[in-house]
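Observations on chain architecture
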Amino acid sequence: MTRVLVVHHDLDLGGQEVDSLRRFGYQVTECGGPTRNVCPVLSGHPCDLAERADVLVYDVWASGDSDGSKVLIDNIRDVHPDTPVVLTSPGLALDWEEETGEHAVTIVTGQPTGARLHAAIQAAIGEAPAGQAPIAG
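A short tour of the structure in this document, coming up. (Residues numbered from 1 in each chain as written. Predicted model: local features only at pLDDT ≥ 70, side-chain atom pairs only at ≥ 80, totals over all residues. Heavy atoms only, no water.)

**A closer look at the pairing of strand β2 (residues 27–31)**
Inspection of the sheet shows strand β1 (residues 3–7) paired to β2 by five bridges, in the parallel sense. Across the sheet, residue Val 7 finds its bridge partner in β2, namely Cys 31. Note on the crossover from β1 through helix α1 (residues 11–23) to β2: the handedness is right-handed. (Pairing = 2+ DSSP bridges. Helix = DSSP H or I, 4+ residues; strand = E, 2+ residues; numbered from the N terminus. Right-handed = clockwise from strand over helix to strand, strands pointing away.)

**Concerning the nonpolar core**
In this structure, Leu 5, Leu 56, Tyr 58 and Ile 76 are the most contacted members of the largest nonpolar core, which totals 19 residues. At the level of secondary structure, the elements contributing two or more residues to this core comprise β1, β3 (55–59), α3 (66–79) and β4 (85–89). With near-sequence residues (within four places) excluded, Ile 76 lies in contact with Val 41, Ala 50, Leu 56, Tyr 58, Pro 81 and Val 85. Core analysis: the next-biggest nonpolar cluster, separate from the first, contains 14 residues, Val 18, Val 57, Val 86 and Ile 121 among them. (Core = buried A, V, L, I, M, F, W, Y, C linked by side-chain atoms within 4.5 Å. Buried < 20%, exposed > 50% of the residue type's maximum accessible area, 1.4 Å probe, protein only. Contact = heavy atoms within 4.5 Å.)

**Regarding the packing of α1 against helix α4 (residues 114–124)**
Between α1 and α4, the shortest axis-to-axis distance is 9 Å and the interhelical angle comes to 70 degrees. Classified by the angle between their axes, α1 and α4 sit roughly perpendicular to one another. In terms of crossing hand, the pair formed by α1 and α4 is right-handed. Two secondary-structure elements touch here, α1 through Glu 17, Ser 20 and Leu 21 and α4 through Gly 114, Leu 117, His 118 and Ile 121. Considered class by class, the residues forming the contact of α1 with α4 number three nonpolar, three polar and one charged. (Axes fitted to C-alpha atoms, helices over the stretch in contact; angles between N-to-C directions. Parallel < 35°, antiparallel > 145°, perpendicular 65-115°, else oblique. Left-handed = near helix turned anticlockwise from the far one by under 90°. Nonpolar A, V, L, I, M, F, W, Y, C, P; charged D, E, K, R; others polar.)

And the structure:
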């Protein structure tokens, strides 16, 4: 069973993502991120929850603002480089989101439905059908 960590600034929306992923058979842990907890990743330290996950699903606003979220995602990629990251963005992609390079993430823009999250997770962990495009809304 694939272990997923969902980090979302909005507890209700994060809960919906968690419920959707559980229906797809994932083992899911939820975190409110730095807006609700002390986050070791912002200081460049490993996260115990992330270390136990096979894939990380982060809300683009997980830190509460765009600049903080960029630091958070860059740091999570630096501290946990072998763990795939899916980044959800309810609107347009932000200019710092990267799909290639050392801080690459799998981006889901628009409504993060269970099916779209599942497809993004499969793409991130390398189990998606060949040639699958990024998940756009």
